[in-house]
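Fold and geometry: a report
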Amino acid sequence: AQKVTQAQTEISVVEKEDVTLDCVYETRDTTYYLFWYKQPPSGELVFLIRRNSFDEQNEISGRYSWNFQKSTSSFNFTITASQVVDSAVYFCALRHTGGTSYGKLTFGQGTILTVHP
Amino acid sequence: DVKVTQSSRYLVKRTGEKVFLECVQDMDHENMFWYRQDPGLGLRLIYFSYDVKMKEKGDIPEGYSVSREKKERFSLILESASTNQTSMYLCASRTGTSGNNEQFFGPGTRLTVL
């Protein structure tokens, strides 16, 4: 069975601090995809990144970076020099592959990030 | 830009009422999904549809049904609303032509059942 765990329910930081959001997953698939989404107070989930299981390179996009480690089944997300606008709920998700999965996602519980000025 | 819209942002219904939540996407996506979001539980898949008139149960389909008569529209139906269906409901769509495409989400409907 697929499972995604975000152990940090809530994180609170002060602006300009770096913060890492943890994501650990379980799957029996040899090919899979991992995603991060951001949900700002407006409610709409916004896609941040997609990573497939064959690509273990870390990725950096501006202040955002992602560390994918297959050996520990983790896909952690770091925000450098956090800003108040980063305050949101962040979800990690695992995509099912094969069969009739049709792109189904299994989501983690979400991490509420609050960045104080 | 991909646009997924949901008929209501906030909805209040009474126990036993039949409730329709509508979702429309404008990108000709094949796949559409309904999730509910509850604190501490993340998003859980209720139903999804991989094409017109096709539907599949997700992880928590009990108490819900769906309808997809047209490609752009996917409706979630609560046949007899109950208080434990008070939740945030999120609709999503994605193109079915590539295995790793992301889902695009609507703004959500916050449903309260009294």
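Not measured: the values here are computed from a predicted model.

Broken down by element type, chain B carries zero helices and 11 strands. Moving toward the C terminus, one meets the helices and strands of chain B in the order β-β-β-β-β-β-β-β-β-β-β. Over its C-alpha atoms chain B spans a radius of gyration of 13 Å, differing by no more than 12% from the 13 Å that the globule rule assigns to 114 residues. Across its three principal directions, the C-alpha atoms of chain B cover 40 × 30 × 25 Å.

Take the interface of chain A and chain B next. When the parts come together, some accessible area is lost, and that loss is often what is quoted as the size of the interface. The partner chain B presents 22 residues to the 21 residues of chain A that form the contact. For the pair chain A and chain B, the interface holds one salt bridge. Residue Glu-102 of chain B is joined to Arg-50 of chain A by a salt bridge in which the shortest nitrogen-to-oxygen separation is 2.6 Å. Run the count over chain A and chain B and you get four residue pairs in polar contact (both at pLDDT 80 or more). Broken down by secondary-structure element, the contributors of at least two residues to the side of chain A that touches chain B are β5 (33-39), β6 (46-52), β10 (88-95) and β11 (105-107) of chain A. Per-element accounting of the side of chain A that touches chain B gives the leading share, four residues, to β5 of chain A. A per-class count over the side of chain A that touches chain B returns nine nonpolar, eight polar and four charged.

All names here are of chain A. What the rule picks out here adds up to two disulfides over all chains. Here Cys-23 connects covalently by a disulfide to Cys-92, the sulfurs 2.0 Å from one another. Because the sign of the S-S torsion sets the handedness, a value of about -65° for the bond joining Cys-23 and Cys-92 places this disulfide among the left-handed ones. Here Cys-23 is found in the loop between β3 (19-21) and β4 (24-26), whereas its partner Cys-92 is found in strand β10, with 69 residues between them in sequence.

All names here are of chain B. With respect to topology, four strands assemble into an open sheet ordered β1-β3-β8-β7, the strand pairing being antiparallel. Strands with a single pairing partner mark the edges of an open sheet, and in this sheet they are β1 (4-6) and β7 (64-70). Strand after strand, the sheet turns through a mean of 20° between neighbouring axes, direction not considered.

Here the focus is the environment of Ala-88 of chain A. All names here are of chain A. Checked against the element boundaries, Ala-88 lands in strand β10. Taking the C-alpha atoms as reference, Ala-88 lies 4.5 Å from Pro-40; in sequence the two are 48 residues apart. Residues within four places of Ala-88 in sequence aside, it is in contact with Lys-38, Gln-39, Pro-40, Thr-111, Ile-112 and Leu-113.

Rules used throughout
Residues numbered from 1 in each chain as written. Chains lettered and ligands numbered in written order. Predicted model: local features only at pLDDT ≥ 70, side-chain atom pairs only at ≥ 80, totals over all residues. Heavy atoms only, no water. Helix = DSSP H or I, 4+ residues; strand = E, 2+ residues; numbered from the N terminus. Rg over C-alpha atoms; globule rule 2.2 N^0.38 Å. Contact = heavy atoms within 4.5 Å. Salt bridge = Lys/Arg side-chain N within 4 Å of Asp/Glu carboxyl O. Polar contact = N/O pair within 3.5 Å; in protein donor to acceptor, adjacent residues only side chain to side chain. Nonpolar A, V, L, I, M, F, W, Y, C, P; charged D, E, K, R; others polar. Disulfide = S-S within 2.5 Å. Pairing = 2+ DSSP bridges. Axes fitted to C-alpha atoms, helices over the stretch in contact; angles between N-to-C directions.

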